[in-house]
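These are the residues of each chain, in order.
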Amino acid sequence: MKSINILAIETSCDETAACVLRGDLKSKQPQFEFLSSVIKSQIPMHKKTGGIVPEVAARAHMANILPVTQLALGKAKKRLNDLDYVTVTSGPGLIGSLIVGTEFAKGLAASLNLPLLPTNHMSGHLYSAFAHDPTDR
């Protein structure tokens, strides 16, 4: 089996994030490494209202999702045609924010004829304990 490239998208609340992972499926226990990770925080915007306004968060995701994804691909030195899978946070989270990420990921996966893997936000937090920072080399 060859190594695979995965684009992961996260928009469950107030941060737009994308990362590219490379996975080695040759071993008995698959290994993954981050090639890039890009996060666009909305904290400064939400400080003005003293908390997250769901509609404002969703609109910010709409503005940020494409540039964040492009930057993640660029930092990983990967193109869309290099991807094997697209994964996206499917819940739990703010519904408007989740819709932005999910619809973007669905469109991207469909246009590239790639499998789309929905991911539970809480599982992502759990598995992040096993992740390594791509800049920590």
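Residues numbered from 1 in each chain as written. Predicted model: local features only at pLDDT ≥ 70, side-chain atom pairs only at ≥ 80, totals over all residues. Heavy atoms only, no water.

Caption draft 1: Highlighting a nonpolar patch on the surface. Taken together, the side chains of Met45, Val53 and Val56 present a nonpolar region at the surface, about 180 Å² in accessible area. Here valine 53 is to be found in the loop between helix H1 (43–47) and helix H2 (54–76). Using a relative accessible area of 32% as the deciding quantity, one classes valine 53 as partly exposed. (Patch = residues over 30% accessible without salt bridge, like charges linked within 9 Å, V, L, I, M, F, W, Y side chains within 5 Å. Areas by Shrake-Rupley, 256 points an atom, 1.4 Å probe, with all protein chains shown as cover. Salt bridge = Lys/Arg side-chain N within 4 Å of Asp/Glu carboxyl O. Helix = DSSP H or I, 4+ residues; strand = E, 2+ residues; numbered from the N terminus. Buried < 20%, exposed > 50% of the residue type's maximum accessible area, 1.4 Å probe, protein only.)

Caption draft 2: Quick look at the nonpolar core. Core analysis: the biggest nonpolar cluster contains 18 residues, and Leu7, Ile9, Val20 and Val86 have the highest contact counts within it. For this core, the secondary structure elements donating two or more residues are strand E1 (4–10), strand E2 (15–24), strand E3 (31–41), H2, strand E4 (85–91) and helix H3 (95–112). Per-element accounting of this core gives the leading share, five residues, to H2. Ignoring sequence-local partners within four residues, the contact set of valine 20 consists of Ile6, Leu7, Glu33, Phe34, Leu35, Ser36, Ala72, Leu73, Ala76 and Lys78. Counting residues in hydrophobic clusters, the runner-up holds six residues, among them Ile4, Ala8, Leu21 and Phe34. (Core = buried A, V, L, I, M, F, W, Y, C linked by side-chain atoms within 4.5 Å. Contact = heavy atoms within 4.5 Å.)

Caption draft 3: Layout of the pairing of E2. With respect to burial, E2 is a largely interior element, seven of its ten residues being buried. Pairing of E1 with E2, which is carried by seven bridges, proceeds in the antiparallel orientation. Directly across from leucine 7, in E2, lies its bridge partner valine 20. Where E1 hands over to E2, the hairpin turn is made up of four residues, counted between the paired strands. Where E2 lies against E3, ten bridges are found, and the strand directions are antiparallel. The partner of threonine 16 across the bridge, within E3, is lysine 40. (Pairing = 2+ DSSP bridges.)

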